[in-house]
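The primary structure of each chain is shown beneath.
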Amino acid sequence: MMFAQPIEQSFALVRVGELEGVRVLQSNQDVGITQGGRLMLAQVPPLSPAMIAIDPLSVPIDMTLNATTQQVVILPRTGVVINFIATRERNALVRLTLPSGAPVPIGALVQIDGRSEQFPVGHDGEAFLTRLSDRQTLLIRVQGKRCAVVLTLDPMGPAVADIGPLRCEYLTSPAASE
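A quick note: this is a predicted structure, and the numbers were derived from the prediction, not measured. (Residues numbered from 1 in each chain as written. Predicted model: local features only at pLDDT ≥ 70, side-chain atom pairs only at ≥ 80, totals over all residues. Heavy atoms only, no water.)

## Here's the deal with a nonpolar patch on the surface
Formally: The patches described consist of residues with a relative accessible area above 30% and no salt bridge, like charges being joined within 9 Å and nonpolar side chains (Val, Leu, Ile, Met, Phe, Trp, Tyr) within 5 Å. The method behind every accessible area is Shrake-Rupley, applied with a 1.4 Å probe, and residues are considered shielded solely by the protein chains displayed. What makes a salt bridge here is a side-chain nitrogen of Lys or Arg within 4 Å of a carboxyl oxygen of Asp or Glu, nothing more. By the criteria applied, helices consist of DSSP H or I runs no shorter than four residues and strands consist of E runs no shorter than two, each listed in order from the N terminus. Exposure categories follow from relative accessible area, calculated using a 1.4 Å probe and restricted to protein chains: below 20% of the type maximum is buried, above 50% is exposed, and the middle band is partly exposed.
Taken together, the side chains of I61, F128 and V160 make up a nonpolar region of the molecular surface, amounting to roughly 290 Å² of accessible area. Residue position: V160 is located in strand 16 (residues 160-167). Note on V160: relative accessible area 36%, which makes it partly exposed.

Laid out in structure tokens, this is it:
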């Protein structure tokens, strides 16, 4: 059950997952914040396009959104549900070392096994990795060789984990040296 103003025009129910405190805008005007991931808009003009948006700065850093704005046209005295899909994204700053214990050098590339994007290594063997799962294998290309390390994240951990140092082991198979 939701309490709202009397409906004299049209209405919309905005849903942003289960996120609390997300700021909602209607035609660039602040109209409220979500409670339990929902906000009822009781004064949406009928038969004309209405732009409904959420403020991405009010969304937690570990959440990604499918969209931040949606345009709707509603018939008089009817309603619509506007869903903004929010998904938790896991990221990590990982410090990587070679089998010798030395930091992976600047410019090396990290690839998450099964994905195509690559992440560069910066100072002190640090790489910022995005869209992580609870467990994945990291493949590191350094000085013509490849090494691997398994990265495991705490499912209840912070939005951006700070992990390491993690020691990689050189891969010896012919396919790994390509």
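On we go.
## Some words on the confidence of the model for the chain
Applicable threshold: One confidence number per residue, pLDDT, is output by the predictor and ranges from 0 to 100. In this description, contact between two residues means that some pair of their heavy atoms is separated by no more than 4.5 Å.
Per-residue pLDDT for the chain averages 90, and the proportion of residues at 70 or more is 93%. Low pLDDT (under 50) marks residues 174-178, which in the prediction has three contacts with non-local residues, meaning those over four places away or in another chain.

## Some details on the sheet that holds strand 4 (residues 38-44)
Going by this rule: Any two strands between which DSSP finds at least two bridges are classified as paired. Angles here are taken between N-to-C directions and fall from 0 to 180 degrees, while the axes themselves are lines fitted to C-alpha atoms, restricted in helices to the stretch in contact.
With mixed pairing, the three strands of this open sheet are ordered in space as 4-1-8. Pairing within the sheet leaves two strands with one partner each, and these edge strands are strand 4 and strand 8 (79-84). Averaged over all adjacent pairs, the angle separating strand axes in this sheet is 20°, with direction ignored. Note: strand 1 (residues 10-16) against strand 8, six bridges, orientation parallel. Note on strand 8: the bridge partner recorded for R15 is N83.

## A closer look at the environment of S116
Checked against the element boundaries, S116 lands in the loop between strand 11 (109-112) and strand 12 (118-120). By relative accessible area, which is 67% here, S116 ends up exposed. Measuring from C-alpha to C-alpha, the distance between S116 and R141 comes to 13 Å, with 25 residues separating the pair along the chain.

## Quick notes on the nonpolar core
Counted only if it meets this: In these notes, a set of buried Ala, Val, Leu, Ile, Met, Phe, Trp, Tyr and Cys residues joined through side-chain atoms within 4.5 Å is what counts as a nonpolar core.
If you look at the biggest cluster of nonpolar residues, it comprises 24 residues, and the most contacted ones within it are L96, V110, L129, L138, I140 and L151. Sorting the residues of this core by element identifies strand 10 (91-97), strand 11, strand 13 (126-129), strand 14 (135-142), strand 15 (145-152) and strand 16 as the ones contributing at least two each. Setting aside residues no more than four positions away along its own chain, L138 makes contact with L96, V110, Q111, I112, L129, C147, A148, V149 and L151.

## As for the pattern of salt bridges
Here the structure, examined in full by the defined rule, presents six salt bridges. For R88, the salt bridge goes to D62, with nearest N and O atoms at 2.9 Å. A residue pair is termed long-range when its members are at least 10 positions apart, and R88 in strand 9 (residues 86-88) and D62 in the loop between strand 5 (50-54) and strand 6 (63-65) qualify at 26 residues. With a relative accessible area of 14%, D62 lands in the buried category. Salt-bridge contacts for D162 lead to R95; the nearest nitrogen and oxygen are separated by 2.5 Å. Of the two residues, D162 is situated in strand 16 and R95 in strand 10; the sequence distance between them amounts to 67 residues.

## Focus on the environment of Q136
This is how it is decided: Polar contact is defined as a pair of N or O atoms within 3.5 Å, subject to the rule that within protein one atom must be able to donate a hydrogen and the other to accept it, and that residues adjacent in sequence are counted only when both atoms are side-chain atoms.
With respect to the secondary-structure elements, Q136 resides in strand 14. Overall, Q136 belongs to the buried group, its relative accessible area being 7%. Note: C-alpha distance between Q136 and L166 (30 residues apart in sequence) is 13 Å. In contact with Q136, not counting residues within four places along its chain, are I112, V149, V150, L151 and L153. A distance of 2.7 Å separates a polar side-chain atom of Q136 from the backbone nitrogen of S133.

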